[in-house]
Amino acid sequence: MLTKEELKLFIDEDMASVKKQQALTGARYYDAEHDIKNCRLFFYNSDGQLVEDTTRANVKIPHPFFTELTDQATQYILSGDDPFVVSDDPDLQDELDSRFNNNDDFRAELSDLITDCQTKGFAYMYALKDANDKMRFTCADAIGVIEVEGRFAGDGKDHVIYWYIDRIDKDGHRIKKIQDWDDSETHYYTQDDEGEIQDDADEIYNPRPHVLYTKGDGKTYGEALGFVPFFRLDNNKKQFSNLKPVKELIDDYDMMASSLSNNLIDFDHPLYVVKGFQGHNLDELQQNLKTKKMIGTAPDGGVEIHTVDVPFEARKTKMELNEKNIYRFGFGLNLSDLKDTSATTNIAIKAAYSLLDLRCNRLETQLKRFLRKVVNVVIDEINKEQGTDYQTDSVHFEFTHEVMLNEQENATIEKTDAEKKQIEINTLISLQSVIGDEQVVRMICDILDIDYDDIKDQIPKDDPYADLESQLGGEGNGIEQPDEGSPESGAE
């Protein structure tokens, strides 16, 4: 195990790393805690000193574009109803469905994992056994996970350190829980703020084997998994957050919108220029303007009212450009491009999804590699429990996506297809005398996607078209029976 001094050293170094600082920034922006909230206004006073201006309006409005971009991809990847862990073996598929595809708990944890990965650049899931002795997986906060290679550890073994804030006590101290995982057991510690790391007195078994279970004799036994049960999903090779290419654009949008609000607040009242004012002081003038709506001036005096033009159009244009670029470089779906959905064709909708498709396909490549590691663990467990010999090579991963479509256009397409089938069927019936009854019926079945062998025994032998429409699916198929004596019937 790692010593307490090693634990503290690894935790302190990790929190100071550039990787974790970028991850913290991504987490902040996902929670709409933008840099605009730290904006302060300053001016130089008469003594030439830079002081903070507390009289002017200082609106701070964060616009959570990053939250939308992240949630778009997460929901899009998991939007399909089809299984995403697939096997050609029916028995193995049943096991995979119960553990992955139809397991709401796993899908919820996977959703958190994908969101965490995009937000911070990497994400972790760890494995543990539930009360039914089944392996289940839980998403871990990537900020608190530290991988330690064996060459840097005193015992020469690979470790994963996982820490999180358990609570804040009545004195405001943060109580931190620390776990040290290796391939056989877990050590538990606590830390008060940045003080010394102590053994966790709340844990009965410390160190604790990966799996604890009780047999019929009432005794508790432990079991090691034989590996460090943490699995990492990377957003990309460099583990960058999706915030990186759009952060400055979002900050600029926040600044433009907040500055516009500040202008409207600061210049919402006109400026009065009073000439030849007859009164005691300016306070009286201000009071008269507010209450009586009138003031007195000298014979040659007057009042001029001036307003300040707020650069509204310029700021609006800049904000629209920023919004467009945020979705463009953030590879997201900009719903403002689909305002009139009734007039938007399916081709235009698919084109609007193209950037989101590109981003999700890239992430799904990483996700499949991650799921392969998880499935390996589960299949090993299934083989041990059931004495089977399932192979992970028989498992593959498929993600289907749901895309909004123009229902009116779909209905038009279906109507056109039905009319096309009707014309094809009428043409075949008119050729009955040339190609024969059986061939006509076979070709009609192909058009209607019906198995000819299933209905051939139900077709009357003397007149195959007498009840053809009802045999092939009832009314509405668009089949017109030729009249007797007509050229189409083949009568002479």
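Every chain is numbered independently, its residues counted from 1 as its sequence is written. This being a predicted model, a pLDDT of at least 70 is required before a residue's local features are given, and a value of 80 or more before pairs of side-chain atoms are given or counted; all residues contribute to the totals for chains, interfaces and linings. Here the side-chain values reflect all heavy atoms present in the structure, with hydrogen atoms and water set aside.

J.: I'd like to hear about the packing of helix H3 (residues 65-77) against helix H10 (residues 354-386), residue by residue, with values.
T.: Between N-to-C directions, angles span 0 to 180 degrees; the directions come from axes that are lines fitted to C-alpha atoms, helices contributing only their stretch in contact. The helix count covers DSSP runs of H or I at least four residues long, the strand count covers runs of E at least two residues long, and both are numbered beginning at the N terminus. Where H3 contacts H10, the axes come no closer than 10 Å and their chain directions differ by 65°. Our classification of the angle between H3 and H10 gives roughly perpendicular. At the point where H3 passes H10, the crossing takes the right-handed sense. Across the interface between the two elements, Leu69, Gln72, Ala73, Tyr76 and Ile77 of H3 pack against Leu356, Asp357, Arg359, Cys360, Leu363, Glu364 and Leu367 of H10. Classifying every residue of the contact of H3 with H10 by side-chain character gives 8 nonpolar, 1 polar and 3 charged. Working definition: roughly parallel below 35 degrees, roughly antiparallel above 145 degrees, roughly perpendicular at 65 to 115 degrees, and oblique for all remaining angles. Throughout, a crossing is termed right-handed when the near helix is turned clockwise from the far one, and left-handed when it is turned anticlockwise from it by less than a right angle. Throughout, a contact is declared for two residues whenever any of their heavy atoms are within 4.5 Å. Residue polarity is assigned by list, with Asp, Glu, Lys and Arg as charged and Ala, Val, Leu, Ile, Met, Phe, Trp, Tyr, Cys and Pro as nonpolar; anything else, Gly included, falls into the polar class.

J.: I'd like a rundown of the nonpolar core, residues and numbers included.
T.: Inside soluble globular proteins, nonpolar side chains tend to come together where they are buried. Counting residues in hydrophobic clusters, the biggest one holds 44 residues, and the most contacted among them are Phe100, Leu110, Phe137, Leu367, Phe370 and Leu371. Ranked by residue count, the leading element in this core is H10, at 12 residues. Discounting chain neighbours no more than four positions away, the residues touching Leu371 are Phe84, Phe106, Leu110, Phe397 and Phe399. Among buried residues, the Ala, Val, Leu, Ile, Met, Phe, Trp, Tyr and Cys ones that are joined through side-chain atoms within 4.5 Å form a nonpolar core. Partly exposed describes any residue whose relative accessible area lies between the buried limit of under 20% and the exposed limit of over 50%, with all areas from a 1.4 Å probe on protein chains only and scaled to the type maximum. Membership of the second largest hydrophobic core comes to 14 residues, among which are Phe66, Leu243, Val246 and Tyr253.

J.: How would you sum up the packing of aromatic side chains? Please name residues and give values.
T.: Pairing of aromatic side chains requires ring centres within 6.5 Å, counting the rings of Phe and Tyr and the six-membered ring of Trp. Pairs whose planes differ by under 30 degrees are stacked, by over 60 edge-to-face, and all others tilted. Applying the stated rule across the entire model yields 16 aromatic pairs. Judged by centre distance (6.1 Å) and plane angle (50°), the rings of Tyr126 and Trp181 are tilted. Within this pair, whereas Tyr126 is found in strand S4 (residues 122-129), its partner Trp181 is found in strand S8 (residues 174-181), the two being separated by 55 residues in sequence. An angle of 75° between the planes, with centres 5.4 Å apart, marks the rings of Trp181 and Phe230 as edge-to-face. Taken together, the residues Trp181 in strand S8 and Phe230 in strand S14 (residues 230-234) connect sequence positions 49 residues apart. Accessibility classification places Trp181 together with Phe230 in one group, the buried group. Among the aromatic residues, those joined into a cluster by ring pairs are Phe100, Phe106, Phe137, Phe227 and Phe231. Comment: the charge-over-ring label is applied if NZ (Lys) or CZ (Arg) is within 6 Å of the ring centre and within 35 degrees of the ring normal. The ring of Phe122 has Lys19 lying over it, and the distance from NZ or CZ to the ring centre is 4.4 Å. One residue, Lys176, lies across the ring of Trp163, its end atom 4.6 Å from the ring centre.

J.: Which residues make up H3, and what values go with them?
T.: Over its 13 residues, H3 extends 19 Å from the first C-alpha to the last, a length consistent with the 18 Å expected when each residue adds 1.5 Å. Where burial is concerned, most of H3 is hidden: 10 out of the 13 residues are buried. If you check which residues of H3 are buried, you get Phe65, Phe66, Thr67, Leu69, Thr70, Gln72, Ala73, Thr74, Tyr76 and Ile77. Multiplying 1.5 Å by the residue count of a helix minus one yields the expected span of that helix.

J.: How would you explain the sheet that holds strand S5 (residues 135-140) if you had to name every residue and give the values?
T.: Reading across from one edge, S5-S4-S14 is the order of the 3 strands in this open sheet, with antiparallel pairing throughout. The open sheet is flanked by S5 and S14, the only strands paired with a single partner. Taking the axes of each pair of neighbouring strands and ignoring which way they run, one obtains an average angle of 30° across the sheet. In this description, strands pair whenever DSSP reports at least two bridges between them. Direction of pairing for S4 relative to S14: antiparallel, over a ladder of 5 bridges. Its bridge partner being in S14, Ala123 is matched across the sheet by Leu233. This element, H10, spans S4, S5 and S14 of the sheet and lies at about 165° to S14.

J.: Give me the lowdown on a nonpolar patch on the surface, citing residues and values where you can.
T.: Patches here are clusters of residues that have more than 30% relative accessible area and form no salt bridge, with a 9 Å joining cutoff for like charges and a 5 Å cutoff for nonpolar side chains (Val, Leu, Ile, Met, Phe, Trp, Tyr). Here the accessible surface of atoms and residues is derived via Shrake-Rupley with a 1.4 Å probe, and residues count as covered only by protein chains that are part of the display. Each reported salt bridge corresponds to a side-chain nitrogen of Lys or Arg within 4 Å of a carboxyl oxygen of Asp or Glu. On the surface, a cluster of nonpolar side chains totalling about 320 Å² of accessible area is made up of Leu431, Val434, Ile435 and Met443. Looking at the secondary structure, you find Val434 in helix H12 (residues 432-435).

J.: Before we move on, could you go through the packing of helix H6 (residues 247-266) against helix H8 (residues 312-329) and cite the residues and values that matter?
T.: Contact geometry of H6 with H8 gives a least axis separation of 9 Å together with a crossing angle of 155°. It follows that H6 is roughly antiparallel to H8 by the angle criterion. As H6 packs across H8, the resulting crossing turns out to be left-handed. Residues Leu249, Ile250, Asp252, Tyr253, Met256, Ala257, Ser259, Leu260 and Asn263 of H6 pack against Phe312, Arg315, Lys318, Met319, Asn322, Glu323, Asn325, Ile326 and Phe329 of H8. Within the contact of H6 with H8, the residues separate by chemical class into 10 nonpolar, 4 polar and 4 charged.

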